[in-house]
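Structural overview
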Amino acid sequence: MKINQVRFNSPTAAAFGNIPKFEPTDRFDIDTSSDIALFAARRAKKIQVDGITEDLFWQNGNLLTTDDRKAFTDGSRTKPYGEGSIKVGVSPTADGMRIKVKSHHKTKNEKVQLTLQVRVINQGKEQLITLGVLNSIKDKLNTRYYEATNYYDVTYDDINAYLQKHAPHLTVVPGTTLAVSARWDAGHEWGGYNRNGMIEAPRPLKAASPVAIRTNPAGAITYDDVPLDIAVPVDDDFYQRYKAVVKKNSKLTTRMECEYKGATSEDELEAAVRSLYELSDDADALKKLLGDDWSIEPITRYYVKDDNGNVLKDARGFPKIDPMKDIYYDSPSWSITKRKGALRVRSNKQKSGSLNVKPGNGVLDPQTGIRKRVEIGLDLRRGFDIERLKDLFTEKSEYYNPFNEMEAMDGRIREDKVLQPALEVVGDRHKFKLTNQQTGEEIEISCDFTKAKTLRDADADPKTGEPREAEHFQIEMEIDHLQINSTNVVTGPNVANRSWTKFRNQNDQVKYLSELDEDESAINTGRPRIHTREDLKNPNALKEELKALGTVKEKLIAHLFKNGMKPATQKAHMAWELMGLDK
């Protein structure tokens, strides 16, 4: 699909007239999440440079000097990429933001123009406005290798001074969705709002001087609250292209999980489930255990009923459950499972498939044993086309691609290798909802009797040739668990990919801005920001929920399991270990 964005006749900075030019920052920064794989041997060391403490690094036992910084920033890839592309990130500064641009190149010394953009909507029609030039076309992003990482400091005053001059009612504020667009000298484009270029303008650091930012960036950062769930309806353009994969009216759902997982025996789990059903019928016993504010009830939506609507019972005397069937996908070398991530399709008789992607093992609170992690979901049609799903995973610029965060976790995980059915996990899941009547906090308790088996011949038992099998029993306690439906969703607008009219030059853009109707135009933030693994660094994310979950978890575990519980991992990872596939 051709991407049309704002384009001036000349790619040089001169074509932008008086639009602000934001010089590259001279601060040498490192994003450990993306760069650690390239420089695994480095160690941080602080030294004094011109009276200011800076971070320099050890590489292969040698301290990087100031002259080495360009080589470090320039990356290390020695093979060319098939086409140029960029990935962008952003962090707050005292008066604006620091934009990170990681670029991939076909050749060395490529001429690439980077611009900062914002969407404006006027009388229902969108237009793309160029706010500033991040670099000079004369500056080579990459000189020694085929990738580079560069940083640009942008202030809100600089951005808004330009807007105030030409359209005073338009203002970029924290939370505005901006985009970085890259245009190669040969005409190739990447980034922007359609191709992996979006950033959310952050809230500036509080009372932080430039020196403080340089010497203690992590300690100075403040974070906005993050919604627990975000659900974005897929637009019709995406549905038409991938209707062999997704259901009509599907949603891309991202969320922050906050959960405890514990493993136990079958007998102990059966006794725990029986006790939870008893607590559901005994308010006094629950009050004595957790206090006055909590109530508990079983979640009944997956109970199996007869033709008269009566709930059927299983061999244990519990309500019979419509079992949840998970198919886990992975590469032949288990590249996802061994990293404690997950790529699965979940369904039962009531619901068609729900694709869930869990990029990595998240962040563990060692005090409580509770883990925070990101989960991405997409509703699939029944009998989805696996090859078209592979095509979607390959399209890195696609906003609705749930695999993007998996690649961000580890770029060595290949989307064309992992879509192989590897494990079938079937579970009877008895669910209960704890509700705090004062705060409204909800905690879901899931008790899983789980059976797993391998699906590939290569993973069969070498002695019998039959699929390997394993059973395990675990309990999960989580804030409002996302299974097939989620009840705590912030829904964003359904914004289709659009093409924008190209301004011929700076004067055309100025004319457009000056003629905007103040009552009919505004900055359009477009699609909402979705969760990424970067949100796991946010110390405020689920902070209060984690406290509540930790308190309830300790009391319930002590009541339900007299001998305590062992820590548990994701079901696929547990089965993988129990089957001996980790050897």
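Because the structure is predicted, anything quoted here is derived from the model rather than measured. (Residues numbered from 1 in each chain as written. Predicted model: local features only at pLDDT ≥ 70, side-chain atom pairs only at ≥ 80, totals over all residues. Heavy atoms only, no water.)

With respect to the sheet that holds strand S8 (residues 147–155)
Stated formally: Only strands joined by at least two bridges in the DSSP assignment are considered to pair. Counting from the N terminus, the helices are DSSP H or I runs at least four residues long and the strands are E runs at least two residues long. To obtain an axis, a line is fitted to C-alpha atoms, over the contacting stretch when the element is a helix, and the angle between two such axes runs from 0 to 180 degrees between their N-to-C directions. Every residue pair with non-hydrogen atoms within 4.5 Å of one another is taken to be in contact.
Spatial ordering of the open sheet is given by S4-S5-S8, a layout of three strands whose pairing is antiparallel. Of all the strands in the sheet, just strand S4 (85–92) and S8 have a single pairing partner and so form its edges. Averaged over all neighbouring strand pairs, the angle between strand axes comes to 20°, with direction disregarded. Summarising the sheet, S4 and strand S5 (residues 96–104) pair through eight bridges and their orientation is antiparallel. Within S5, the residue paired with Val 90 across the bridge is Ile 99. On the sheet, helix H3 (residues 156–166) packs against S5 and S8 and is oriented at approximately 70° with respect to S8.

Observations concerning unusual backbone geometry
Short version of the rule: We call a residue buried when its accessible area falls under 20% of the maximum for its residue type, exposed when it is over 50%, and partly exposed in between, using a 1.4 Å probe and counting protein chains only.
Backbone geometry at Asn 249 places phi at a positive 65°, although glycine is not the residue there. With respect to the element layout, Asn 249 can be found in the loop between helix H6 (236–241) and strand S13 (251–264). Judged by its relative accessible area of 68%, Asn 249 is exposed. We note that Trp 334 has phi near 60°; this positive angle belongs to a residue other than glycine.

Let's talk about the pairing of S13
Judged by how many residues are buried, S13 sits mostly within the fold: 13 of 14 residues are covered. Looking at chain direction, strand S12 (residues 229–233) and S13 are connected through five bridges and run antiparallel. When the bridges of S13 are listed, Ile 230 appears paired with Thr 254. Inspection of the sheet shows S13 paired to strand S19 (residues 370–379) by eight bridges, in the antiparallel sense. Directly across from Cys 258, in S19, lies its bridge partner Lys 372. Where S13 lies against strand S22 (residues 469–479), six bridges are found, and the strand directions are antiparallel. Bridging from a neighbouring strand, Tyr 260 pairs with Met 477 of S22.

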